[in-house]
Amino acid sequence: MERREGPDPGPAGPAEALFAFGKLLLRLAPVYLAGRLGLSLGFVLLGLALYAGWRASRQGKEQSLRAASRLLEDEERHVSAAAAGLYLSPRELPAWVSFPDVEKAEWLNKILAQAWPFLGQYMEKLLVQNIAPIIRGSNTHLQTFTFTKVDLGEKPLRIMGVKVHTGQSKKQILLDLSISYVGDIHIDVEVKKFFCKAGVKGMQLHGVLRVILEPLIGDVPLVGALTMFFIRRPTLDINWTGMTNLLDIPGLSSFSDSMIMDSIAAFLVLPNRLLVPLVPDLQEAAQLRSPLPRGIVRVHLLEARDLQSKDKYVKGLIEGKSDPYALVRVGTQVCTSRVVDETLNPKWNETYEFVVHEVPGQELEVELFDKDPDQDDFLGRMKLDFGEVLQARVLEEWFPLQDGGRGQLRLRLEWLTLTSDASKLEQVLQRNRGISSKPEAPSAAILVVYLDRAQELPLKKSSKEPNPMVQLSVQDITRESKVVYNTSSPVWDDAFRFFLQDPANQDIDVQVKDDTRQGSLGSVTVRLSRLLSAEDMTLDQWFQLENSGPGSRIYMKLVMRILFLDAPEVCLSARPCAPGQLDVETGAFTGSSVDVPPRPSRASPDAQFGTESVIRIHLLEAENLIAKDNFMGGMIRGKSDPYAKVWLAGQRFRSRVVKEELNPRWNEVYEVIVNDTPGQEVEFDLYDKDVDKDDFLGRCKIPLKRVLGSRFIDEWLPLEDVKSGRLHVKLECLSPTPNRAELEQALMVNTLIQTQQSAELSSALLSIFLDRAADLPLRKGSKPPSPYVTLSVRDVSYKSKTTSTPTAEPIWDEGFSFLIKRPHVESLELQVKDEGGQGLGSLSLPLTQVLEAEALTLDRWFPLARADPRSQVLLRVQLGILVSQHSGVEAHSTLAASEEVESPLERLEPEPYAREDGDPRGATPTQELRQRLTHTDSNSELAEGPLGQLQLTVWYHADERKLVAIVHSCRKLKGSSKDGPDPYVSLILLPDKNRVTKRKTTVRKKTLNPEFNERFEWELPPEETTRRKLEACVKNSVSFMSREREPLGKVHLDLSQVDLAQGRAQWYNLKDDRSGS
């Protein structure tokens, strides 16, 4: 008979009974000890209460961990259940469910899950081998400190959603990661000397981590650094073990979690950031760690009304009032108001100022409490995203209290823009004098100090290296840097911010001290008024230390910005309304700035707007290139057909092909708009043009940083990856200047360096900041559009981002740049369209309006054509003139001989040329150019002849051995027809009258004052030039079908009588074709 085997009862039953009895005795031990020591029954009850509270807190945390773990393990089922309304509240849904612009990142979660065990191994090595020795060395009582267990568990960190912010800046990538960690982490520590064990077993962390990839560079790894921070404080829940179990006691639990969150916030919640450099020697580290704020928000805490009564008497039978105060918080910045006793309608009238970096994202949070002797009672809370304040500029409103609160809170919020225009300081100071502000006077400016390093600090008295730190003080505010140990040349790489009430009369005092704070290593005081007159209100330099060593100095960058309120005032009615409630007496939403927000009168570009430069690349010639065209198996050496590819800032240019030449001359010019993004290079690749595949002839590179620093480079560059060859290039960095007086000079210089092979050169840089639009027309069905903007100048077009949500009040905040050749005749064309292509309005802005504006800048609302009459767009449009300071850059290039030149250049004003005779040994003819420009049009007062006048520039290019003539313009010609002639100019070198020496300009239609600005060259030895005569005939192109031309006059120049070294622009009277000269 088969017997079924069951569990063996064995001796396990008595053992379990004994273990349970032992646990019971252990629990009764505190009661026995209390009686043994003669303690009262109250101590026993207190102990039981603490134990019960600890037990409940412990069970609550374990239950929360289990629930969160179940959610992460089967998210889809829980989300589906929530959608069906079964058991999960909407706020527990993942971020990607509630917000369609947040994308899931399951691929990233799979990578984290795969790498989690290896991350655990790394963390164990880091804690045991690196962190533990540091802790043991920090205190003699911790010499036996060890990590007994480090286990990150099996549940990895999860990314619940990723949101990518586009259009913020072209130099950065901005990500918001919604992270959720519900982990079975287990870390135990022990101090054997004191038989002390503690640890963590289980943790929850939830929050939105912003990651900024900046700066973007043109080299591996493409990103210079990672910046990470929480915009808002994340939520944290820790399950303690060992002696830290005491932290789970009610009261201590929230206190401990709060302390840990404060520690996390100290370096990971705005304005604090964690910077991880990815490239060595990152120069922008301090600026990335502490960038200039996006703006400053001034918060006027005015009053509250109808608050809850928390002070009750006679067990609640008699209702009293409250003693309210406010806690105003922006990230880690916290301000506390005064307490107003015994009132439900308190009035504070206090003002606070907060630094704002991320908009949208950062929030203003105001919590109201009732002050009590024991624990303050919560009265309510309000939150507001600063994006609304930025849009309204001034926002004054009654905000309802939430989270169980009752009543309303009245705030006035002002967005202060940071500007480097020192002329606005007096206006700001005058306005601040009219503000009654408590507890501090309103600020007029902000000062950011980037503390870099010091050199040659004095040694201690014992000749030991000091441990230097820095104290920076502005009035009664003092900040301290970190301590750098055992060095006389410390590097701090730190940043500090100060609010300034009167920057013209304030100083910053810098004290370098030893770690003991006793011995001074040097000091320096800087008058902040120096920044008001400095370029861009910035001082970036070494400062000599006083009361220190002879070579002791400190390097700092001081940046000041004026806090300017660029918005109209907001008026409140005498009896303010609740948000959205109509004031019947006034018939307007006078109490709400959100319902009818005031629009900004000017655009608000970031600090990088308009800082681009233009790189002008002159591709001149090459030498000793490799012969790639060989014949008969290489027995007969041929040559090559070289051409060049030029790369910079994502743009590529390709030169013409020079046939059968190992020493080609291109003489071509390219222009590129660049910024100061690190890692960019100008790259030249040379190829031999073939029928099938082009052969490589070499490459060379120049770092863009070098070009930006030196402003001008003229070099022969050896070709890399080939046996022989070198390339001659010139690169010039042009910085735009808002000075209209320089436009004529820019056009003159451009005409000088214009080459036959290159396109027309640019004389200005147009920068456009597209801020927002207002009152755009609605779609059919009264639905708001999803608008975008196209901007174009000539054949160059850009497209803005399309708004993520439909709106008739879109905000783009994007910048664009265009190269402008002729500002007098070009215009900006702007089209606002719906995402389906439907037109919503247009704008045509002639650039002559920008030329006539102050500082060549227009910053205002522009009405849109073909739209609603109220439709308008807010733009900042500014021109920067590009003037070459090295006009001799085309010094020794050779232009193709006997090639007729018919350049289509057309200017509105006469532009004389200077010589293209730069010295290959490094000298440039800048002084000669200046002299030539000074003598331009020297005989403009010449008595006018009856047939009109012709303006010419003639000079001899000694280095090129060429005669150069520039036909500028004619004036007051005499025409036979009433419509006006179609003039052109024909040039010929006498005594030759053949096609080899003949040149002619393009025809100008129906004008008596034609502009040509065309350049012509003849290859002649200098002795031959003096034996020649130049004849310039102005003719009327009578008919397209007829070869006959009507002469309008001519100029006959004996070149032996002309000063060909000066090359001045001269006006000459036209003579009758039958008369002599």
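Calculation notes
Residues numbered from 1 in each chain as written. Predicted model: local features only at pLDDT ≥ 70, side-chain atom pairs only at ≥ 80, totals over all residues. Heavy atoms only, no water. Helix = DSSP H or I, 4+ residues; strand = E, 2+ residues; numbered from the N terminus. Buried < 20%, exposed > 50% of the residue type's maximum accessible area, 1.4 Å probe, protein only. Areas by Shrake-Rupley, 256 points an atom, 1.4 Å probe, with all protein chains shown as cover. Pairing = 2+ DSSP bridges. Axes fitted to C-alpha atoms, helices over the stretch in contact; angles between N-to-C directions. Core = buried A, V, L, I, M, F, W, Y, C linked by side-chain atoms within 4.5 Å. Contact = heavy atoms within 4.5 Å. Salt bridge = Lys/Arg side-chain N within 4 Å of Asp/Glu carboxyl O. Patch = residues over 30% accessible without salt bridge, like charges linked within 9 Å, V, L, I, M, F, W, Y side chains within 5 Å. Lys, Arg positive; Asp, Glu negative; His and termini not counted. Charge placed at Lys NZ, Arg CZ, Asp CG, Glu CD. Phe/Tyr/Trp six-rings, centres within 6.5 Å; stacked < 30°, edge-to-face > 60°. pLDDT = per-residue confidence, 0-100. Polar contact = N/O pair within 3.5 Å; in protein donor to acceptor, adjacent residues only side chain to side chain. Arc of directions from axis to C-beta.

## Quick look at the overall build of the protein
The helix and strand tally for the protein stands at 15 helices and 49 strands. Residue burial in the protein is summarised as follows: out of 1077 residues, 49% are buried. Here the protein displays about 53700 Å² of accessible surface, and carbon together with sulfur accounts for 53% of that area.

## Let's talk about the sheet that holds strand 20 (residues 477-480)
What the four strands build is an open sheet, ordered 20-19-22-23; its pairing is antiparallel. Two strands lie at the open edges of the sheet, namely strand 20 and strand 23 (520-527), each paired on one side alone. Across the sheet, the axes of successive neighbouring strands diverge by a mean angle of 15°, strand direction being ignored. Bridge count between strand 19 (residues 468-474) and strand 20: four bridges; the pairing is antiparallel. Counted as the bridge partner of Gln471 is Glu480 from strand 20.

## Some remarks on the nonpolar core
Grouped together as the largest cluster of nonpolar side chains are 38 residues, with contacts concentrated most on Leu447, Phe498, Ile508, Ile554 and Leu558. The dominant element in this core, judged by the number of residues it contributes, is strand 25 (residues 553-564), at six residues. Excluding its chain neighbours within four sequence positions, the residues that come into contact with Ile554 are Leu451, Arg453, Ala454, Val470, Trp492, Val510, Val512, Val524, Gln541, Trp542, Phe543 and Leu545. Counting 37 residues, the second-largest nonpolar core is a separate cluster that includes Leu747, Ala773, Trp812 and Leu830.

## Regarding the pattern of salt bridges
In total, this model carries 44 salt bridges according to the counting rule given. We note a salt bridge from Glu367 to Arg329, for which the minimum N-O separation is 3.6 Å. Remark: Arg329 occurs in strand 11 (residues 324-330) and Glu367 occurs in strand 14 (residues 363-370); sequence separation between them is 38 residues. In this structure, Glu367 and Arg329 share a single accessibility class: buried. Here Arg1027 ties to Glu1024 by a salt bridge, and the two come within 2.6 Å at their closest N and O atoms. By relative accessible area, Arg1027 is classed as exposed at 55%. It is possible to trace a salt-bridge network through shared partners that takes in Arg298, Glu303, Glu353, Glu396, Arg410, Arg412, Glu414 and Arg431.

## Some points on the environment of Gly549
With respect to the helices, strands and loops of the structure, Gly549 is situated in the loop between strand 24 (538-544) and strand 25. Excluding residues that lie within four positions of it along the chain, Gly549 makes contacts with Pro458 and Gln544.

## Section: a negative patch on the surface
On the surface, Glu124, Asp151, Glu154 and Asp184 cluster together into a patch of negative charge. Note that Glu154 resides in the loop between strand 1 (145-151) and strand 2 (158-165).

## Observations regarding the pairing of strand 41 (residues 872-881)
Burial of strand 41 is extensive: eight of the ten residues sit out of reach of the surface. Pairing between strand 34 (residues 764-774) and strand 41: ten bridges, direction antiparallel. Looking at the pairing, Leu765 lines up with Gly880 of strand 41.

## Overview of the sheet that holds strand 15 (residues 377-385)
In sheet architecture, strand pairing relies on hydrogen bonds along the backbone and comes in two forms, parallel and antiparallel. Pairing is antiparallel in the open sheet, where four strands are placed in the order 12-11-14-15. Whereas interior strands pair on both sides, the edge strands pair on one side only; in this sheet they are strand 12 (333-336) and strand 15. Strand-to-strand twist of the sheet, defined as the mean angle between neighbouring strand axes without regard to direction, takes the value 15°. With eight bridges joining them, strand 14 and strand 15 adopt antiparallel strand pairing. In the sheet register, Glu365 faces strand 15, and the bridge partner there is Lys383.

## Some points on the packing of aromatic side chains
With the rule as written, the count across this model stands at eleven aromatic pairs. Ring geometry for Trp542 versus Tyr555: centroids 5.1 Å apart, planes at 75°, classification edge-to-face. Taken together, the positions of Trp542 in strand 24 and Tyr555 in strand 25 put the pair 13 residues apart, joining distant regions of the chain. The exposure class of Trp542 is partly exposed, given its relative accessible area of 26%. Taking relative accessible area as the criterion, Tyr555 reaches 21% and is therefore assigned partly exposed. Aromatic side chains Phe609 and Phe769 sit 5.7 Å apart centroid to centroid with 70° between the ring planes, which places their arrangement in the edge-to-face category. With Phe609 in the loop between strand 25 and strand 26 (613-623) and Phe769 in strand 34, this pair connects stretches of sequence that are 160 residues apart. Judged by relative accessible area, which is 14%, Phe609 ranks as buried. The exposure class of Phe769 is buried, given its relative accessible area of 5%. One aromatic cluster in this structure is built from Tyr325, Phe369 and Phe378.

## Considering the environment of Glu342
Mapping Glu342 onto the fold places it in the loop between strand 12 and strand 13 (347-356). Judged by its relative accessible area of 43%, Glu342 is partly exposed.

## What about unusual backbone geometry?
Omega for the peptide link from Val220 to Pro221 comes to 15°, which places this bond in the cis form. In this fold, Pro221 is placed in the loop between strand 4 (196-213) and strand 5 (225-230). Along the chain, Leu990 connects to Pro991 via a cis peptide bond; the corresponding omega equals 15°. Here Pro991 is to be found in the loop between strand 44 (983-990) and strand 45 (999-1000). At Lys1006, a residue that is not glycine, the phi angle is positive and equals roughly 50°. Following the sequence through the fold, Lys1006 ends up in the loop between strand 45 and strand 46 (1011-1019). Classification of Lys1006 as exposed rests on a relative accessible area of 53%.

## Things to note about the side chain of Thr343
Mapped onto the elements, Thr343 comes out in the loop between strand 12 and strand 13. If we ignore the near neighbours within four places in the chain, the residues touching Thr343 are Lys321, Ser322 and Pro324.

## Notes on the confidence of the model for the protein
Per-residue confidence for the protein averages 79 on the pLDDT scale, and 78% of its residues sit at or above 70. Mean pLDDT in the protein bottoms out at helix 14 (residues 926-934), which sits at 41, and peaks at strand 41, which reaches 95. When the criterion is pLDDT under 50, residues 246-253 qualifies, and its contacts beyond four places in sequence or with other chains add up to 19 contacts. Contacts from residues 888-938, a stretch scored under 50 in pLDDT, to residues over four places away or in other chains number 167 contacts.

## Section: the environment of Trp1067
Residue position: Trp1067 is located in strand 49 (residues 1065-1069). Given the relative accessible area of 4%, Trp1067 is considered buried. C-alpha of Trp1067 to C-alpha of His968: the two residues are 99 residues apart in sequence and 9.6 Å apart in space.

## Quick look at the side chain of Asp188
By the element assignment, Asp188 lies in strand 3 (residues 173-191). Polar contacts involving the side chain of Asp188 include one to the side chain of His186, which spans 3.0 Å. Ignoring anything within four residues of it in the chain, the contact list for Asp188 reads Thr146, Phe147, Thr148, Lys149, Ala198, Gly199 and Thr241.

## Things to note about helix 9 (residues 425-433)
When we look at burial in helix 9, the residues that qualify are Leu425, Val428, Leu429 and Asn432. In an axial view of helix 9, the angular spread of the buried residues amounts to 100°, which keeps them on one side of the axis. Next to the buried residues of helix 9 lie strand 8 (295-305), helix 10 (529-533) and strand 25.

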